[in-house]
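Below, each chain spelled out in residue letters.
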Amino acid sequence: MKIAFISDIHGNANALDAVLKDIKGRAVDKIYVLGDICYRGPEPQRSMDLVRALHTEVIKGNADEWVIRGVKKGEVADHALDMMNKEREWICAHLNADAIEYLQGLPTELKLEVEGVSIHAYHATPSSLFDIVLPHENEEILERKMMVQAADVYVYAHIHRPYIRYLNGKCIINIGSVGLPFDGNAKASYALLDIQDGSCQTSIVRVAYDVNQTIQQFAESDYPNRNQLVSILKNAGI
């Protein structure tokens, strides 16, 4: 069985289009979405519509929580707080009436059993939407923050930097970001698991899309922080 995990779309529907096309071409059986659907992109509603059309399990990310109730002091740098709440207001103004209600109802984790392989998936850590666990954290941090429940594979998102790592026979995967990569590679990112009879092959897939189309959408919009977002898209967060 082939499973795709996607996340951190951030309102970049062009990147999501490309990823879903790539997934379809690989004959994937199931897609799961690990949050951050709308916030910080030029097409929040179309991104939402594409995700909901998958009719699959979706969990909440920190940016989805921000859309619901705003960005609170202490969650971002003080100098960014006002601007990020202005961005949130813009996003909310470009969503349908039931979008926030949909986000409010999302769970925060997935526990899956697929052909003898157990998977625990969450946005940042099992206990937080906001914790940051980077690729080269020491083993004690990984065990304490990420591996609190028994599983064969742990899948998360949030940091926009994809990687695959093994610890004590367990696999930890960060799936990267569909719409806003931070690792210097502007291609969209997602994870693919091919599970057969208790064996699991894992991979990170990078998908090219027309980044300039999304940049142009920002340029033609009145998005309140478009210059910063254009810079992130051009440089993939570097």
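What counts as what
- Residue numbering note: each chain is counted from 1, following its sequence as written.
- Totals for whole chains, interfaces and linings use all residues, but because this is a predicted model, local features are given only for residues with pLDDT of at least 70 and pairs of side-chain atoms are given and counted only at 80 or more.
- Calculated side-chain values reflect all of the structure's heavy atoms, with hydrogen atoms and water omitted.
- Pairing of aromatic rings covers Phe, Tyr and Trp, the last through its six-membered ring, and needs centres within 6.5 Å; plane angles under 30 degrees mean stacked, over 60 mean edge-to-face, and all others mean tilted.
- Secondary structure is summarised from DSSP: a helix means a run of H or I of at least four residues, a strand means a run of E of at least two, and numbering begins at the N terminus for each.
- When accessible area is computed with a 1.4 Å probe and restricted to protein chains, residues below 20% of their type maximum are described as buried, those above 50% as exposed, and intermediate ones as partly exposed.
- Two limits define a charge over a ring: the Lys NZ or Arg CZ must be within 6 Å of the ring centre, and within 35 degrees of the ring normal.
- UniProt positions are given in the numbering used here, feature names are shortened, and annotations may be inferred rather than shown by experiment.
- The arc under discussion is defined with respect to the helix axis, by the directions toward the C-beta atoms.
- Only heavy atoms matter for contacts: two residues are in contact if any of them lie within 4.5 Å across the pair.
- Identification of polar contacts relies on pairs of N or O atoms within 3.5 Å, with a donor-acceptor requirement for protein atoms, meaning one able to donate a hydrogen and the other able to accept it, and with residues adjacent in sequence counted only if both atoms are side-chain atoms.
- Salt bridge, as applied in this entry: a Lys or Arg side-chain nitrogen positioned within 4 Å of an Asp or Glu carboxyl oxygen.

### Brief notes about the packing of aromatic side chains
Remark: the centre distance and the inter-plane angle together describe each pair of aromatic rings, the angle taken between the planes.
Here is step 1: Throughout the structure, instances matching the rule amount to six aromatic pairs.
Here is step 2: Between Tyr 39 and Trp 66, the aromatic rings sit 5.8 Å apart at their centres with planes inclined by 70°, giving edge-to-face as the arrangement. Of the two residues, Tyr 39 sits in the loop between strand S2 (30–33) and helix H2 (44–52) while Trp 66 sits in helix H3 (residues 62–69), which places them 27 residues apart along the sequence. Per residue, the accessibility class of Tyr 39 equals that of Trp 66, and both read buried.
Here is step 3: Between Trp 90 and Tyr 223 the ring centres are 4.9 Å apart and the planes differ by 75°, which places this aromatic pair in the edge-to-face class. With Trp 90 in helix H4 (residues 78–93) and Tyr 223 in the loop between helix H7 (211–219) and helix H8 (226–235), this residue pair connects regions lying 133 residues apart in the sequence.
Here is step 4: A relative accessible area of 0% means that Tyr 223 is categorised as buried.
Here is step 5: Through pairs of rings, three or more aromatic residues link up here, namely Tyr 39, Trp 66 and Phe 130.
Here is step 6: Geometry around Tyr 102 places Arg 52 over its ring, the cationic atom sitting 4.2 Å from the centre.

### What to know about the UniProt feature "domain: Calcineurin-like phosphoesterase" (unreviewed entry) in the chain
Here is step 1: Here, the residues flagged by UniProt with the feature "domain: Calcineurin-like phosphoesterase" (unreviewed entry) are residues 1–197.
Here is step 2: For residues 1–197, the end-to-end C-alpha separation is 9 Å, with 30% helix and 22% strand making up the annotated structure.

### Some points on H8
Here is step 1: Regarding H8, the residues found buried are Leu 229, Val 230, Ile 232 and Leu 233. On an axial view of H8, the arc spanned by its buried residues comes to 160°, and they lie on one face. Opposite the buried face of H8, by more than 90 degrees, sit the exposed residues Asn 227 and Lys 234.
Here is step 2: On its buried face, H8 sits against H4 and H7.

### Topic: H7
Here is step 1: By the burial criterion, the buried members of H7 are Val 211, Thr 214, Ile 215 and Phe 218. The arc that holds the buried residues of H7, viewed along the axis, is 100°, so those residues lie on one side.
Here is step 2: In this structure, the buried side of H7 is in contact with helix H1 (13–25) and H8.
Here is step 3: Capping the start of H7, Asp 210 holds a side-chain oxygen 3.2 Å from the backbone nitrogen of Asn 212, two or three residues further along.

### Considerations on the pattern of salt bridges
Here is step 1: Under the defined criterion, the tally for this structure stands at 14 salt bridges.
Here is step 2: The partner of Asp 98 in a salt bridge is Arg 52, with the nearest N and O atoms 3.3 Å apart. Here Asp 98, found in the loop between H4 and helix H5 (99–104), pairs with Arg 52, found in helix H2; they are 46 residues apart in sequence, far enough to count as distant.
Here is step 3: When its relative accessible area of 37% is taken as the criterion, Asp 98 is described as partly exposed.
Here is step 4: Note that Glu 140 and Arg 144 form a salt bridge whose closest N and O atoms lie 2.8 Å from each other. Within this pair, Glu 140 and its partner Arg 144 are both found in helix H6 (residues 139–146), separated by four residues, close to a single helical turn.
Here is step 5: Through salt bridges with shared partners, a single ionic network connects Lys 60, Glu 65, Arg 69 and Glu 75.

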